[in-house]
Amino acid sequence: MKAAVIGAGNVAWHLARALDRHCHVCNVFSRDIDHASALAARLSNAVPIDNISDIDGDIDFAVVCVKDNAIASVLDVVPEAARDALWLHTSGGCGIEVFGSRFRNCGVLYPLQTFTRDAAVDIDSIPFFIEGNSEATLQRIRTIAEMLSPTVFDADSDTRRKLHIAAVFACNFTNHLCALARDILAPTGIPFSALMPLIDATVEKLRQMPPEKAQTGPAVRGDSKVINAHLDTISDENIKNIYSIITNSIINYHK
């Protein structure tokens with residue numbers, strides 16, 4: 001199969017290389033030709049392009065790996081000759097309706113993972129969530145997804161949006177809280193690395209039991225004395241508000 005990758009950001013950086021192990025990625029598109037060239041250089045025989053009209057006319061499928069708010073604008077300029085191919089986007093938050101009626105075969109190939117260009121990712125371990133505009137198209141997408149990972153689920157746009165929200169809580173919010181934890185430690189001279197054994201143990205517990213069973217800390221114990229002492233110690237109002245909101249959420253959840 002011949003494929004094109006539209007985009008050269010974090011998701012494209014990993015997905016293009018994974019696809020290239022199973023099929024021929026013939027084009028990498030980015031509005032910045034330097035970005036397209038950098039990714040194409042990592043593939044076996046891909047041509048970088050910065051004009052989507054130059055896309056290979058006989059590709060079997062194209063994967064759009066751009067920001068959600070850019071998907072529609074990219075699809076608007078796909079040449080008619082390339083619209084017979086299967087077109088996919090990789091977004092958890094954007095619905096299949098973004099394709100409209102302009103594409104005969106279209107759908108979603110959503111990898112549930114956090115991607116950073118320079119951080120290694122084992123694609124085989126990632127669950128993929130797929131949707132197609134017809135049953136026949138869905139089966140084609142399933143074939144592509146199963147080339148990449150043994151874990152593939154059907155998920156319509158509404159289900160995928162809820163999944164994306166869950167992922168934001170589990171990943172993005174958690175990462176931000178770790179950034180705040182580092183900032184709280186900064187004046188003490190204690191490195192963030194001192195928290196890593198705690199973070200590792202937290203994740204390991206989640207492999208063994210439901211999160212509500214793994215919950216510890218002053219909020220779940222109802223220890224108002226410790227909670228109030230923490231609030232008195234925190235000087236940053238933003239961090240204090242976050243502490244209060246999450247503490248109250250834990251208390252109410254475990255009532």
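Our subject is the structure that appears above.
Residues numbered from 1 in each chain as written. Predicted model: local features only at pLDDT ≥ 70, side-chain atom pairs only at ≥ 80, totals over all residues. Heavy atoms only, no water.

Participant: Even after reading the chapter, I still don't get the overall build of the protein chain, so can you show me in this structure?
Facilitator: Helix and strand counts for the protein chain stand at 10 helices and eight strands. On the principal axes, the C-alpha backbone points of the protein chain span a range of 70 × 40 × 30 Å. Across the 255 residues of the protein chain, 38% fall into the buried class. Taking contacts inside the protein chain between residues at least 6 apart in sequence as the whole, the part at least 24 apart equals 55%. For the protein chain, the accessible area works out to roughly 13900 Å², and carbon and sulfur atoms hold 55% of it. (Helix = DSSP H or I, 4+ residues; strand = E, 2+ residues; numbered from the N terminus. Buried < 20%, exposed > 50% of the residue type's maximum accessible area, 1.4 Å probe, protein only. Contact = heavy atoms within 4.5 Å. Areas by Shrake-Rupley, 256 points an atom, 1.4 Å probe, with all protein chains shown as cover.)

Participant: What's the story with the side chain of Ser91 in this structure? I'm lost.
Facilitator: Summarising the element assignment, Ser91 is placed in the loop between strand E5 (86-89) and strand E6 (106-111). Side chain to side chain, Ser91 and Asp68 meet in a polar contact 2.9 Å long. Aside from chain neighbours lying at most four places away, what touches Ser91 is Asp68, Ile71, Val108, Tyr110 and Arg160. (Polar contact = N/O pair within 3.5 Å; in protein donor to acceptor, adjacent residues only side chain to side chain.)

Participant: Sorry if this is basic, but what is going on with the pattern of salt bridges here?
Facilitator: Side chains that carry opposite charge are capable of pairing whenever their charged atoms lie near each other. In the structure shown here, the tally under the stated rule is 12 salt bridges. With a shortest N-O distance of 2.8 Å, Asp58 and Lys2 are connected by a salt bridge. Taken together, the residues Asp58 in the loop between strand E3 (47-49) and strand E4 (61-64) and Lys2 in strand E1 (residues 2-6) connect sequence positions 56 residues apart. You can call Asp58 partly exposed: its relative accessible area is 46%. (Salt bridge = Lys/Arg side-chain N within 4 Å of Asp/Glu carboxyl O.)

Participant: Would you mind showing me how to read the environment of Glu212 here?
Facilitator: By secondary structure assignment, the location of Glu212 is in helix H7 (residues 211-214). Remark: the alpha-carbon pair of Glu212 and Tyr253, spanning 41 residues in sequence, is separated by 8.7 Å. With residues up to four places along the chain from it excluded, the contact list for Glu212 reads Tyr253 and His254.

Participant: What is the right way to look at the packing of helix H1 (residues 10-20) against helix H4 (residues 135-148) in this model?
Facilitator: Pairs of packed helices are described in terms of their axes, by the angle between the two and the distance that separates them. One can describe the packing of H1 onto H4 by two numbers: an axis separation of 9 Å at closest approach and a directional angle of 95°. As the angle between them shows, H1 and H4 are arranged roughly perpendicular. Contacts between H1 and H4 involve Leu15, Ala18 and Leu19 from the first element and Ile144, Met147 and Leu148 from the second. Across the contact of H1 with H4, the residue classes tally to six nonpolar, no polar and no charged. (Axes fitted to C-alpha atoms, helices over the stretch in contact; angles between N-to-C directions. Parallel < 35°, antiparallel > 145°, perpendicular 65-115°, else oblique. Nonpolar A, V, L, I, M, F, W, Y, C, P; charged D, E, K, R; others polar.)

Participant: Would you mind showing me how to read a negative patch on the surface here?
Facilitator: Together, Asp32, Asp34, Asp50 and Asp54 make up a negatively charged patch on the protein surface. One can find Asp54 in the loop between E3 and E4. (Patch = residues over 30% accessible without salt bridge, like charges linked within 9 Å, V, L, I, M, F, W, Y side chains within 5 Å. Lys, Arg positive; Asp, Glu negative; His and termini not counted. Charge placed at Lys NZ, Arg CZ, Asp CG, Glu CD.)

Participant: Sorry if this is basic, but what is going on with the pairing of E6 here?
Facilitator: Successive residues of a regular strand alternate their side chains across the two faces of the sheet. Among the six residues of E6, six are classified as buried, and the element is accordingly described as predominantly covered. Residues of E6 alternate between two faces, with Cys106, Val108 and Tyr110 on one and Gly107, Leu109 and Pro111 on the opposite face, all of them buried. The sheet contact formed by E5 and E6 spans three bridges and is parallel. Its bridge partner lying in E6, His89 is registered against Val108. (Pairing = 2+ DSSP bridges.)

Participant: Looking at this structure, how should I read the side chain of Ser149?
Facilitator: With respect to the helices, strands and loops of the structure, Ser149 is situated in the loop between H4 and strand E8 (152-154). Assessed through its relative accessible area of 2%, Ser149 is described here as buried. Within the structure, Ser149 has its side chain in polar contact with the backbone oxygen of Ile126 (distance 2.6 Å). One polar contact links the side chain of Ser149 to the main-chain amide nitrogen of Thr151, over a distance of 3.1 Å. In contact with Ser149, other than residues within four places in its own chain, are Ile123, Asp124, Ile126 and Phe128.

Participant: Looking at this structure, how should I read the nonpolar core?
Facilitator: Ranked by internal contacts, the top residues of the largest apolar core, which has 35 residues, are Leu19, Phe61 and Leu109. In terms of nonpolar packing, the next biggest core, distinct from the first, is built from 28 residues, Val74, Val78, Ala82 and Ile96 among them. (Core = buried A, V, L, I, M, F, W, Y, C linked by side-chain atoms within 4.5 Å.)

Participant: I'm lost on the environment of Ile190 in this one. Help?
Facilitator: By secondary structure assignment, the location of Ile190 is in the loop between helix H5 (157-185) and helix H6 (196-208). Given a relative accessible area of 44%, Ile190 falls into the partly exposed group. Separated by 165 residues in sequence, Ile190 and Val25 place their C-alpha atoms 47 Å apart.

Participant: How should I be thinking about the sheet that holds E1 in this particular structure?
Facilitator: Two orientations exist for strands paired in a sheet by backbone hydrogen bonds: parallel and antiparallel. Read from one edge of the open sheet, eight strands run E3-E2-E1-E4-E5-E6-E7-E8, paired in mixed fashion. The open sheet has two edge strands, E3 and E8, and neither has a second partner. Across the sheet, the mean angle separating the axes of adjacent strands is 25° when strand polarity is ignored. Bridge count for strand E7 (residues 128-132) against E8 is three bridges, and the pairing is parallel. In the sheet register, Phe128 faces E8, and the bridge partner there is Val152. Against the sheet, H1 makes contact with E1, strand E2 (24-29), E4 and E7, and its axis sits at roughly 160° relative to E2, the strand it touches most. Relative to the sheet, helix H2 (residues 33-40) contacts E2 and E3, its axis offset from that of E3 by approximately 160°.

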